[in-house]
4 protein chains.
Amino acid sequence: MNSSRPQWQEKDLSEHFCHSHLVQFYETDAMTVAHHSNYLRFFEEARVAWLRRHQLGPFHSPQADFVLAVVSSSVRYQRPAFLLDQLRIYLELRLERLKFHFRYVIFSDRFQNEAIAWGETQHIGLDGQFKVQRPPPELVQVLEREKWTETWPWSL
Amino acid sequence: MNSSRPQWQEKDLSEHFCHSHLVQFYETDAMTVAHHSNYLRFFEEARVAWLRRHQLGPFHSPQADFVLAVVSSSVRYQRPAFLLDQLRIYLELRLERLKFHFRYVIFSDRFQNEAIAWGETQHIGLDGQFKVQRPPPELVQVLEREKWTETWPWSL
Amino acid sequence: MNSSRPQWQEKDLSEHFCHSHLVQFYETDAMTVAHHSNYLRFFEEARVAWLRRHQLGPFHSPQADFVLAVVSSSVRYQRPAFLLDQLRIYLELRLERLKFHFRYVIFSDRFQNEAIAWGETQHIGLDGQFKVQRPPPELVQVLEREKWTETWPWSL
Amino acid sequence: MNSSRPQWQEKDLSEHFCHSHLVQFYETDAMTVAHHSNYLRFFEEARVAWLRRHQLGPFHSPQADFVLAVVSSSVRYQRPAFLLDQLRIYLELRLERLKFHFRYVIFSDRFQNEAIAWGETQHIGLDGQFKVQRPPPELVQVLEREKWTETWPWSL
């Protein structure tokens, strides 16, 4: 866990895919902030929004022959997210053999130019019987055009 | 992420704290398994149960002067958990300066002698105004008696 | 909505099915109490526990040919439930033609002899394609032995 | 529970407040549809959005002196909501003495001109110590301008 503050700012992410989320009351906990388990849901929202943007929505459907199952997740919580904070979740992704790597970083207006949280998830493609599947060509094609940041500062 | 299978089995954890959880219907998702965000909730349940076991319940109360805030989490999902699977969540923890390290590993009857998931969370003590606090002596005392497994096989 | 206080006490429910639930931190909200949507989850936990008690577990499985889909729900929130409150959810049920009626009432130690919440859910049996199904004979048989309280005081 | 189909259509609600919600994967359950407890969260999202629209956001903050606590809820589930269904939640509300009445009806593109669900919640104003409070004048003023449908067809 790298505790030094990343040198990047939100403006450096202007070419990354961005999904926004308003923190709801039902997402808060007794500490008055968004419960830490919800960050994995924010990441999922952004991931599904990215798939939809690229007309890849079926790959997140339970009836699909190819579903992106989560095999690992990690989150670094730097600052809290309060009720009605407007979050911006940036992501990037790449494919390594059969494994999909997603990286996320979250900003809110409350903490200027400082990421409030970041993390990663890894996925493999499964069919409806939980058997590993090769990614379909149209998904691979889209992924080959995605950028991956070699110097991504939000290491875990 | 270490993909080799851990050599330990559930019986090697007989001296670790164990919390059990029955997978509920409302925890399942459209893939018919417990949604991956719920594993952070299973870890939290086990963590709070450990605190209660040691009469340290107040440290997880929002009115307390010392609350264990989550600063990072990571989970490795190896096998799915289905509706009504009875999960056993084992944990161990230690204090490093001001940071609490918790490790977890989950077993279910469905997959014999194979952990279905494992992970870690790190915490710091905060007061009600989100200021970092030193852990109170009674908590430190309990932690000094806790074991920490140098060869814990479920690395992330 | 009947605002007069029910005359029954918890001891009057000694022959009713009871499921217990410890309020978790992840179930609290920024008002420091269990979020109101969780009561439908507490009801579901009790309902599934009742089915399991009667070896009717398969009827709550997504692979089953007969699933109890919720067609309506209602909840009356009388007193809050705080972190680590031990809740006791009592239920009763009956079948009216094709519709299952469940009633619930919740007590906690914090509010002596006063229900903190109560409610109802109604269900119909569906198959995997969301088509209405007649209840299987083994379920009807169990239901015929269930009691239904004509003077249930927790009206909505 | 009125089972006859309401005569109103979505176009009859053009003057009602509307909040939209995209069904997320983490909201689905093993029946592949949005879990029934989430409808209370959809209602809450719409309610908070209405408050924000009228610059009444503070009334849903835990630090506020006046919070709208839920005292009852009811939902009628007519049709399922699937992953990525775009929901439109219409609401109306009125104040009766100290109690706020909210009514909701949900439409999706999947089921044309047929509400998929509807319901009600009732609320009272509480301060931070859970004591009942009179609604502040600026809230009463806004409420007096709200319409209330005498012939609202989605009765429960």
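Residues numbered from 1 in each chain as written. Chains lettered and ligands numbered in written order. Predicted model: local features only at pLDDT ≥ 70, side-chain atom pairs only at ≥ 80, totals over all residues. Heavy atoms only, no water.

*Asks:* Which residues make up the interface of chain B and chain A, and what values go with them?
*Replies:* Each partner contributes to the interface: chain B provides 26 residues, whereas chain A provides 26 residues. Note on chain B versus chain A: buried area summed over both sides is about 2400 Å², and carbon and sulfur give 63% of it. By the criterion of area lost to chain A, the three top residues of chain B are M31, H36 and F130 of chain B, representing 24% of everything that side buries. Here chain B is connected to chain A by zero salt bridges. Across the chain B-chain A interface, the total number found is 12 residue pairs in polar contact (both at pLDDT 80 or more). Among the elements that take part in the side of chain B that touches chain A, strand β2 (residues 67-77) of chain B stands out by supplying nine residues, more than any other. Tallied by class, the residues present in the side of chain B that touches chain A amount to 13 nonpolar, eight polar and five charged. Pairing geometry for strand β2 (residues 67-77) of chain A and β2 of chain B, over five bridges, is antiparallel. Following the sheet pairing, R76 of chain A is matched in β2 of chain B by S72 of chain B. (Contact = heavy atoms within 4.5 Å. Buried area = accessible area lost by both parts, 1.4 Å probe. Salt bridge = Lys/Arg side-chain N within 4 Å of Asp/Glu carboxyl O. Polar contact = N/O pair within 3.5 Å; in protein donor to acceptor, adjacent residues only side chain to side chain. Helix = DSSP H or I, 4+ residues; strand = E, 2+ residues; numbered from the N terminus. Nonpolar A, V, L, I, M, F, W, Y, C, P; charged D, E, K, R; others polar. Pairing = 2+ DSSP bridges.)

*Asks:* Talk me through the relation of the copies chain B and chain A; I want residue IDs and the actual numbers.
*Replies:* Between chain B and chain A, which share one sequence, the superposing operator has a rotation angle of 180 degrees and an axial displacement of 0.0 Å; the RMSD is 0.0 Å. Each copy turns onto its partner about a two-fold axis. Within chain B, S74 of chain B has its C-alpha nearest the rotation axis, a separation of 2.0 Å. Both copies contact each other with a shared surface, as 100% of the interface residues of chain B are interface residues in chain A too. (Least-squares fit on C-alpha atoms with pLDDT ≥ 70 in both.)

*Asks:* Just give me the short version of the pairing of strand β5 (residues 117-126) of chain D, but keep the residues and values in it.
*Replies:* Residues and elements named next belong to chain D. Buried residues dominate β5, accounting for nine of its 10 residues. Here 10 bridges tie strand β2 (residues 67-77) to β5, and the two strands are oriented antiparallel to one another. Bridging from a neighbouring strand, S74 pairs with E120 of β5. With eight bridges connecting them, strand β4 (residues 99-108) and β5 associate as antiparallel partners. The partner of R103 across the bridge, within β5, is E120. (Buried < 20%, exposed > 50% of the residue type's maximum accessible area, 1.4 Å probe, protein only.)

*Asks:* Kindly report on unusual backbone geometry, identifying the contributing residues and their values.
*Replies:* Excluding glycine, most residues fall at negative phi; most peptide bonds, likewise, are trans. If you check the backbone angles, N113 of chain A has positive phi at about 55 degrees while not being a glycine. Its place among the elements puts N113 of chain A in the loop between β4 (99-108) and β5 (117-126). Accessibility expressed as a relative area gives 45% for N113 of chain A, which makes it partly exposed. The backbone phi angle of Q55 of chain C is positive, close to 55 degrees, even though this residue is not glycine. Locating Q55 of chain C in the fold gives a position in the loop between α1 (38-53) and β2 (67-77). On the accessibility criterion, Q55 of chain C (66% relative accessible area) is exposed.

*Asks:* Tell me about the side chain of S108 of chain B, residues and numbers included.
*Replies:* Residue and element names in this part refer to chain B. Structurally, S108 can be placed in strand β4 (residues 99-108). Judged by its relative accessible area of 3%, S108 falls in the buried class. Residue contacts for S108: discarding those within four places in its chain leaves D85, Q86, L87, R88 and I116.

*Asks:* Give a detailed account of the relation of the copies chain D and chain C, specifying residues and quantitative values.
*Replies:* Of the two same-sequence chains, chain D is brought onto chain C (RMSD 0.0 Å, axial shift 0.0 Å) by a rotation of 180 degrees. Of the interface residues in chain D, 100% have counterparts in chain C that sit at the interface too, so the contact is made through matching surfaces.

*Asks:* Report on the sheet that holds strand β3 (residues 86-96) of chain C, specifying residues and quantitative values.
*Replies:* Pairing in this open sheet of 10 strands is antiparallel, and the strands run β1(C)-β3(C)-β4(C)-β5(C)-β2(C)-β2(D)-β5(D)-β4(D)-β3(D)-β1(D) from one edge to the other. Of all strands in the sheet, those bounded by a partner on one side alone are β1 (17-22) of chain C together with β1 (17-22) of chain D. The mean inter-strand angle of the sheet, taken between neighbouring strand axes irrespective of direction, is 25 degrees. Examined bridge by bridge, strand β3 (residues 86-96) of chain D and β4 of chain D share 10 bridges and lie antiparallel to one another. In the strand pairing of β4 of chain D, E92 of chain D is matched with R103 of chain D. Those strands touched by helix α2 (residues 137-144) of chain D are β3 and β4 of chain D, and its axis lies near 110 degrees from that of β3 of chain D. (Axes fitted to C-alpha atoms, helices over the stretch in contact; angles between N-to-C directions.)

*Asks:* Can you break down empty space enclosed by the protein residue by residue, with the values?
*Replies:* What the rule picks out here adds up to two cavities of 30 Å³ or more. Within this model, the largest cavity holds a volume of roughly 250 Å³. Lining the largest cavity are 25 residues, and of these R41 of chain A, R41 of chain B, N38 and R41 of chain C together with R41 of chain D sit closest to its centre. Within the residue set of the lining of the largest cavity, elements represented by two or more residues are α1 (38-53) of chain A, α1 (38-53) of chain B, α1 of chain C together with α1 (38-53) of chain D. No other element matches α1 of chain C, which puts three residues into the lining of the largest cavity. Counted as a void, the second largest cavity has a volume near 60 Å³. Lining the second largest cavity, in full, are Y26, E27, N38 and R41 of chain A, R41 of chain C together with Y26, E27, N38 and R41 of chain D. When residues of the lining of the second largest cavity are traced back to their parent elements, those giving at least two are α1 of chain A together with α1 of chain D. Residue composition of the lining of the second largest cavity, by class: two nonpolar, two polar and five charged. (1 Å grid on protein atoms, 1.4 Å probe; cavity = no way out; pocket = protein on both sides within 12 Å on 5 of 7 lines; lining within 4 Å. Points joined across faces, edges and corners; volume = space filled by probe spheres on them.)

*Asks:* Explain the pattern of salt bridges residue by residue, including any values.
*Replies:* Residue and element names in this part refer to chain A. For the structure shown, the criterion picks out 28 salt bridges over all chains. Among the salt bridges present, the one from R110 reaches D85, with a minimum N-O distance of 2.8 Å. With R110 in the loop between β4 and β5 and D85 in the loop between β2 and β3 (86-96), this pair connects stretches of sequence that are 25 residues apart. Residue R110 is classed as partly exposed on the basis of its relative accessible area of 44%. Between D109 and R88 there is a salt bridge, and its shortest N-O distance comes to 3.1 Å. Within this pair, whereas D109 is found in the loop between β4 and β5, its partner R88 is found in strand β3, the two being separated by 21 residues in sequence. With relative accessibility at 17%, the residue R88 sits in the buried group. Through salt bridges that share partners, E10, R88 and D109 make up one connected network.

Interpretation in functional terms is not warranted from these geometric data alone.
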